[in-house]
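Residues per chain are reported as follows:
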Amino acid sequence: MTTTDLPFDAATQTDLQDDRPLRQAMLRGWRRKCPACGSGPMLHSYLKVREHCPVCDEALHHHRADDGPAYLTIVVVGKLLTPLIFYIFVKFRPEPLVMAAAFSIAAVALSLYLLPRLKGMLVAIQWSRRMHGFGSSAD
Ligand SMILES: [Zn+2]
């Protein structure tokens with residue numbers, strides 16, 4: 001079977017995946033850096049994605065992160081803290097007010113830490129997979 005027999009252009013698809021490696025883009029996004037060059041800051045004022053990378057001028061405005069980062073943050077924080085709450089309650093039986101205060105602070109702190117990093121990762125995935133206009137050569 002040759003590549004011309006395939007229902008889609010497999011050779012082009014492979015080329016697209018190779019020049020924007022997903023793992024590298026995700027790591028750069030986690031560090032809140034431009035997925036193309038890895039040195040320019042992707043975000044400004046905590047969560048806003050820059051129009052273009054200040055270092056390599058890669059267009060970043062094509063992203064459609066929407067509620068994805070918030071959803072992922074809720075899932076991750078919930079999965080991390082729920083078993084910990086259960087374990088702490090069963091093992092130590094702390095005062096309810098102390099436990100509520102401590103886990104509220106932990107949930108807010110962890111959410112504030114994860115939210116921009118997960119947003120960076122989501123934008124980088126979209127850039128790597130050429131979604132929502134990231135693949136166009138216009139800008
Ligand atoms: Zn850049």
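Quick note: structure is the one above.
Residues numbered from 1 in each chain as written. Predicted model: local features only at pLDDT ≥ 70, side-chain atom pairs only at ≥ 80, totals over all residues. Heavy atoms only, no water.

### Looking at the coordination of the zinc ion
Taken together, C34 (SG), C37 (SG), C53 (SG) and C56 (SG) make up the full set of protein donors to the zinc ion, lying 2.2 to 2.4 Å away. In this structure, the zinc ion is coordinated by four donor atoms arranged in tetrahedral fashion, with angles at the metal of 107 to 114 degrees. Along the chain, the residues donating to the zinc ion fall in the pattern C-x2-C-x15-C-x2-C. Linking C34 in the loop between α2 (22-30) and β1 (43-44) with C53 in the loop between β2 (48-49) and α3 (68-92), this pair joins segments that are 19 residues apart in sequence. Take C53: its relative accessible area is 2%, and that puts it in the buried class. (Donors = N, O, S within 2.8 Å, 3.2 Å for Na, K, Ca; no water. Tetrahedral: all angles 85-135°; square planar, octahedral: opposite > 155°, others 65-115°. Helix = DSSP H or I, 4+ residues; strand = E, 2+ residues; numbered from the N terminus. Buried < 20%, exposed > 50% of the residue type's maximum accessible area, 1.4 Å probe, protein only.)

### A look at α2
Listed as buried for α2 are A25, R28 and G29. Angular distribution of buried residues about the axis of α2 spans 100 degrees; they occupy a single face of the element. In α2, the exposed residues that point more than 90 degrees away from the buried face are R23 and L27. Turning to α2, the residues buried within the fold contact α4 (96-128). Phi turns positive one or two residues past the end of α2, at R32, with a value near 65 degrees. (Arc of directions from axis to C-beta. Contact = heavy atoms within 4.5 Å.)

### Some words on the nonpolar core
Ranked by internal contacts, the top residues of the largest apolar core, which has 13 residues, are M42, V49, L60 and V123. The greatest single-element share of this core, amounting to four residues, is contributed by α4. Look past the residues within four positions of V123 in its chain and what remains in contact with it is M42, V49, H63, A65 and F134. Counting residues in each nonpolar core, the second largest holds six residues, with V77, M99, F103 and L114 among its members. (Core = buried A, V, L, I, M, F, W, Y, C linked by side-chain atoms within 4.5 Å.)

### A few points about the packing of aromatic side chains
Counted by the stated rule, this structure contains two aromatic pairs. Plain terms: the ring middles of W30 and Y113 are 6.4 Å apart, the flat faces sit at 75 degrees to each other, and that makes the pair edge-to-face. Here W30 is found in helix α2, whereas its partner Y113 is found in helix α4, with 83 residues between them in sequence. Classification of W30 by relative accessible area gives partly exposed; the value is 28%. Residue class for Y113 comes out partly exposed when judged on its relative accessible area of 41%. Pairing Y87 with F92 gives two aromatic rings, centres 6.5 Å apart and planes at 85 degrees, and the pair type is edge-to-face. Residue placement shows R117 over the ring face of Y113; its charged tip is 4.0 Å from the ring centre. (Phe/Tyr/Trp six-rings, centres within 6.5 Å; stacked < 30°, edge-to-face > 60°. Lys NZ or Arg CZ within 6 Å of the ring centre and 35° of its normal.)

### A closer look at the packing of α3 against α4
Axis separation between α3 and α4 bottoms out at 8 Å; the angle between their running directions is 150 degrees. Comparing their axes, α4 and α3 come out roughly antiparallel. Handedness of the crossing formed by α3 with α4: right-handed. Considering only residue class, the contact of α3 with α4 consists of 20 nonpolar, three polar and one charged. (Axes fitted to C-alpha atoms, helices over the stretch in contact; angles between N-to-C directions. Parallel < 35°, antiparallel > 145°, perpendicular 65-115°, else oblique. Left-handed = near helix turned anticlockwise from the far one by under 90°. Nonpolar A, V, L, I, M, F, W, Y, C, P; charged D, E, K, R; others polar.)

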